[in-house]
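Structure at a glance
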Amino acid sequence: MSRVLMRGNEAIAEAAIRAGCQCYFCYPITPQGELVEYMARELPARGGAFLQAESETAAINMVYGASAAGVRTMTSSSSPGISLKLEGISYMAGARLPGVIVNIMRGGPGLGNIAPAQGDYFQATKGGGHGDYRLIVLAPSSVQEAAELVMLAFDLSDRYRTPAMLLADGMLGQMMEPVELPDPIDPATIPGRPWALTGAVDRAPNVVLSFDLDPQGLKEMNKGLQRTYQEITERELRWEEVDTEDADLLIVAYGSMGRIAKSVVRSAREEGIKAGLVRPITLWPFPYARIRELSERVSTVLTAELSAGQMWEDVRLAVGDRAATPFFGELGGVVPTPRDVLSEVKRYANG
Amino acid sequence: MANIKTLAKKQEQQVRLSSGHSLCAGCAEPMVVRTVLNSIDDPVVVANATGCLEVATSRYPGTAWNVPWIHSAFENAAATIAGVEAAYKGLLRAGKLERKVRFVAFAGDGGTYDIGLQALSGALERGHDFLYVCINNEAYMNTGVQRSSATPRCASATTSPVGDAIPGKPQDRKDLTEIVVAHHIPYVAQASVSNLIDLSNKVERAMAYDGPKFLNVLTTCPLGWRTRKDTSIPMAKLAVETRYWPLYEVVEGVYKINYKPKKHVPVEEWLKQQGRFRHLFKSPEGKSSLEEFQASVDENWERLLKKEQCLSGADAAQ
């Protein structure tokens with residue numbers, strides 16, 4: 001492995017190809033254009049299929065089709081485009097089709113703007129589309145981690161037969177950083193897909209379906225999904241901790257904000273404030289238990305997000321009344337400096 | 001009929017799209033918008049799909065629009081204007097409004113040929129009283145020059161890049177104008193930013209009808225076509241002169257070609273001035289692609305001539 005300087009969007013694309021993504025479907029939207037363009041240049045040359053659809057709805061349904069046909073497949077977009085993909089994501093969850101969706105979030109709601117934001121947390125982690133489904137949501141905070149997590153997203157998606165999302169934002173998509181790209185996987189290690197629609201020769205026909213008119217049948221189907229979600233919750237929780245052992249003030253932040261919070265913890269410690277950080281990497285499943293545990297030992301759990309307070313709800317569910325749970329957020333694509341967050345930390349530390 | 005004086009006079013009377021927007025140097029889109037809006041006497045309401053025009057004319061807290069203007073997501077200009085028109089008609093029926101108001105939707109080729117086609121088709125079929133103007137610069141320019149289904153064969157775009165695998169976009173462009181004609185609406189036309197009097201006359205003829213009207217207007221994009229910024233009008237004119245972009249209209253099903261170039265100008269003359277086709281002039285494969293391109297232009301032109309002949313006013317009168 002060697003370190004190369006890459007833009008986040010391009011590193012995600014390259015890592016997806018290295019993860020064995022054979023089919024990629026897209027529709028233009030900023031700020032994830034470089035991902036699309038990288039795939040257009042690279043994927044066909046390396047034996048995969050690149051298709052630009054006529055809409056985001058079409059692109060996610062191409063993913064549905066390719067996944068049912070048994071290949072590793074991905075689509076990417078940014079916030080408004082993800083809204084259009086939600087119907088397809090719900091259908092994939094219902095039909096138990098793996099596939100990776102990348103969301104390079106931007107400011108919303110509506111057209112919003114093309115600046116970094118984290119306003120799609122609810123949409124990603126609380127359903128978004130219709131029905132009782134969950135989406136595995138992975139949130140990187142560096143270009144390196146984005147590359148690693150997109151590969152993990154393929155693995156988890158295949159292992160549990162459920163769609164997975166990489167939730168990043170315009171800052172991570174656009175920034176350039178040195179990255180050590182993981183080696184390409186051996187395609188033989190991709191789990192088999194005995195359920196895929198590959199032509200029923202010498203075997204019973206497979207069925208890929210997201211509906212059952214019989215309520216008892218649909219109930220069983222849903223119970224199966226819930227068992228899978230339970231299993232994912234037990235096995236796949238991921239988060240990072242910084243200086244939590246002796247912390248009195250805990251910051252919870254993910255993605256780009258998690259990265260800012262890391263510098264804040266360092267600066268706060270220099271000023272004698274015992275700050276610590278929990279940075280959830282899986283947003284669903286969410287590390288409730290660990291945050292609850294830590295909340296027993298701190299006075300304050302400060303949630304920081306580039307939103308009006310979406311993950312904040314999950315943090316408060318975890319903390320309850322064991323500690324104060326203030327919130328710091330920025331809106332509309334405004335990115336705070338570490339100093340902005342530090343002054344907030346000082347307010348609570350001195351309070 | 002419009003002339004340069006009447007158009008200039010209307011611009012003096014009311015500036016419906018003002019300067020101060022942030023469209024690129026050399027972008028021809030504002031000329032299309034001004035000509036269209038200055039050719040309508042009644043008050044207008046404009047719906048605008050996401051795209052260069054929308055982004056560059058409505059940057060908060062400013063706006064370049066001096067008419068009521070509404071934006072909605074990329075695929076919805078036709079649906080949004082349909083909703084506005086339905087509300088207007090409801091107010092008329094309720095006796096709360098009396099004056100005549102006209103409705104215009106502007107969208108680019110991505111928002112019309114691709115993601116907006118469903119909404120456009122629905123609005124045309126339901127028969128709303130509106131004019132839809134596709135400002136066609138043949139790719140997704142606002143997001144960084146990705147190919148659309150209006151992008152011509154062989155053009156290099158960021159999602160149809162020239163390389164060993166493909167010689168630019170492998171597919172032909174979609175014939176959207178004919179798709180709209182198949183909705184049997186009162187007025188359909190192709191126009192070009194190079195022929196503004198023709199464009200203005202078309203808007204006037206279109207607005208004489210109640211019901212859906214459609215204009216497909218070719219506009220140069222110096223960024224995406226990779227042309228010089230001071231050649232946008234000559235470039236669009238050359239597209240007309242080479243018969244690549246015929247100026248024609250279909251009025252109540254009757255075809256009329258509004259301009260027939262007297263001499264045959266090879267389409268190469270248009271292609272060779274654009275960076276997106278530069279690769280065609282560098283290889284033997286490119287040479288055969290050029291021949292195919294010319295053959296396709298000729299074939300389309302011949303087919304249009306036949307349509308004009310078969311579906312002419314004379315036949316309709318019989």
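Residues numbered from 1 in each chain as written. Chains lettered and ligands numbered in written order. Predicted model: local features only at pLDDT ≥ 70, side-chain atom pairs only at ≥ 80, totals over all residues. Heavy atoms only, no water.

1. Regarding the domain arrangement of chain A
All names here are of chain A. As far as domains go, chain A holds domain 1 (2-235) and domain 2 (239-349). Using C-alpha coordinates to define each centre, domain 1 is positioned 28 Å away from domain 2. Taken together, the contact pairs 33 residues of domain 1 with 25 residues of domain 2. A combined buried area of about 2400 Å² lies between domain 1 and domain 2, and 54% of that area is made up of carbon and sulfur atoms. (Domains from an automatic or database assignment. Contact = heavy atoms within 4.5 Å. Buried area = accessible area lost by both parts, 1.4 Å probe.)

2. Some thoughts on the sheet that holds strand S2 (residues 23-26) of chain A
Residue and element names in this part refer to chain A. Across the sheet, seven strands lie side by side as S3-S2-S4-S5-S7-S6-S12; this open sheet has mixed pairing. In this open sheet, the two edge strands, each paired with only one partner strand, are strand S3 (49-52) and strand S12 (282-284). Sheet twist, expressed as the mean angle between neighbouring strand axes with direction ignored, is 20°. Bridging between strand S6 (residues 136-138) and strand S7 (residues 163-169) involves three bridges; their strand directions are parallel. (Pairing = 2+ DSSP bridges. Helix = DSSP H or I, 4+ residues; strand = E, 2+ residues; numbered from the N terminus. Axes fitted to C-alpha atoms, helices over the stretch in contact; angles between N-to-C directions.)

3. Notes on the interface of chain A and chain B
On the side of chain B, 16 residues touch chain A, which itself brings 15 residues to the contact. Buried area between chain A and chain B, both sides added, is near 1200 Å², and the carbon and sulfur share of it is 64%. Our count for the chain A to chain B interface comes out at zero salt bridges. Here chain A is connected to chain B by six residue pairs in polar contact (both at pLDDT 80 or more). At the level of secondary structure, the elements contributing two or more residues to the side of chain A that touches chain B comprise helix H2 (33-42) and S3 of chain A. (Salt bridge = Lys/Arg side-chain N within 4 Å of Asp/Glu carboxyl O. Polar contact = N/O pair within 3.5 Å; in protein donor to acceptor, adjacent residues only side chain to side chain.)

4. Describing the packing of helix H10 (residues 288-295) of chain A against helix H11 (residues 311-319) of chain A
Residue and element names in this part refer to chain A. Between H10 and H11, the shortest axis-to-axis distance is 8 Å and the interhelical angle comes to 60°. With respect to H11, the element H10 is oriented oblique. Regarding H10 and H11, the two cross each other, and that crossing is right-handed. Here Tyr288, Ile291, Arg292 and Ser295 of H10 lie close against H11, whose contacting residues are Asp314, Leu317, Ala318 and Val319. Of the residues in the contact of H10 with H11, the class split is five nonpolar, one polar and two charged. (Parallel < 35°, antiparallel > 145°, perpendicular 65-115°, else oblique. Left-handed = near helix turned anticlockwise from the far one by under 90°. Nonpolar A, V, L, I, M, F, W, Y, C, P; charged D, E, K, R; others polar.)

5. Quick look at the packing of helix H2 (residues 29-38) of chain B against helix H8 (residues 196-207) of chain B
Residue and element names in this part refer to chain B. Where H2 contacts H8, the two axes come as close as 8 Å, and the packing angle between them is 40°. The orientation of H2 relative to H8 falls into the category oblique. Once H2 is placed against H8, the crossing between them reads as right-handed. Two secondary-structure elements touch here, H2 through Met31, Val32, Thr35 and Val36 and H8 through Leu196, Leu199, Ser200 and Val203. Residues of the contact of H2 with H8, tallied by class, amount to six nonpolar, two polar and no charged.

6. A word on the nonpolar core
Here is a general trend for soluble globular proteins: nonpolar side chains tend to be buried in one another's company. All names here are of chain A. Counting 93 residues, the largest nonpolar core has Tyr24, Met39, Met74, Val102 and Val150 as its most contacted members. The greatest single-element share of this core, amounting to eleven residues, is contributed by helix H6 (residues 143-160). Per-domain counts for this core show at least three residues from each of domain 1 (2-235) and domain 2 (239-349). If near-sequence neighbours (up to four positions away) are discounted, Val102 is found in contact with Ile12, Leu35, Met74, Thr75, Ser76, Ser77, Ile82, Val150 and Leu166. (Core = buried A, V, L, I, M, F, W, Y, C linked by side-chain atoms within 4.5 Å. Buried < 20%, exposed > 50% of the residue type's maximum accessible area, 1.4 Å probe, protein only.)

7. Considerations on the confidence of the model for chain B
Taken over all residues, the pLDDT of chain B has a mean of 95, while the share at 70 or more is 98%. Across the interface, the model reports ipTM at 0.90; the global pTM reads 0.94. (pLDDT = per-residue confidence, 0-100.)

8. Observations regarding helix H12 (residues 284-310) of chain B
Residues and elements named next belong to chain B. The end-to-end C-alpha distance of H12, which contains 27 residues, comes to 39 Å, matching closely the 39 Å that a straight helix rising 1.5 Å per residue would cover. Regarding H12, the residues found buried are Gly286, Ser289, Leu290, Phe293, Gln294, Val297, Trp301, Leu304 and Glu308. Buried residues in H12 make contact with strand S7 (248-251), strand S8 (254-257) and helix H11 (268-271). (Expected span 1.5 Å × (residues − 1).)

9. Here we look at the side chain of Thr125 of chain A
Residues and elements named next belong to chain A. Inspection of the secondary structure puts Thr125 in helix H5 (residues 121-125). Of note is the side chain of Thr125, whose polar atom sits 2.8 Å from the backbone oxygen of Tyr121. The contact partners of Thr125, leaving out residues within four places of it in the chain, are Arg134, Val137, Leu283 and Trp284.

10. Thoughts on the packing of aromatic side chains
Residues and elements named next belong to chain A. Tallying each qualifying case throughout the model produces 18 aromatic pairs over all chains. Relative to Tyr288, the ring of Phe286 lies with its centre 5.0 Å away and its plane at 65°, an arrangement referred to as edge-to-face. Since its relative accessible area comes to 32%, Tyr288 is described here as partly exposed. The residue whose ring lies beneath Arg316 is Trp312, and the NZ or CZ to ring-centre distance is 3.8 Å. (Phe/Tyr/Trp six-rings, centres within 6.5 Å; stacked < 30°, edge-to-face > 60°. Lys NZ or Arg CZ within 6 Å of the ring centre and 35° of its normal.)

11. Focus on helix H4 (residues 79-95) of chain A
All names here are of chain A. Taking 1.5 Å of rise per residue, the 17 residues of H4 would be expected to cover 24 Å, and the 24 Å separating its terminal C-alpha atoms lies within 8% of that figure. In H4, a bend of some 45° at Lys85 exceeds every other bend along the element. Most of H4 is tucked away: twelve of the 17 residues are buried. Among the residues making up H4, those that are buried are Ser79, Gly81, Ile82, Lys85, Leu86, Gly88, Ile89, Ser90, Met92, Ala93, Gly94 and Ala95. For H4, the elements touching its buried residues are helix H3 (56-68), strand S4 (73-77), strand S5 (99-105), H5, S7 and helix H8 (215-235). Among the residues trailing H4, Arg96 stands out with phi positive, at a value near 60°. (Bend = angle between axes of the 7 residues up to and from the residue.)

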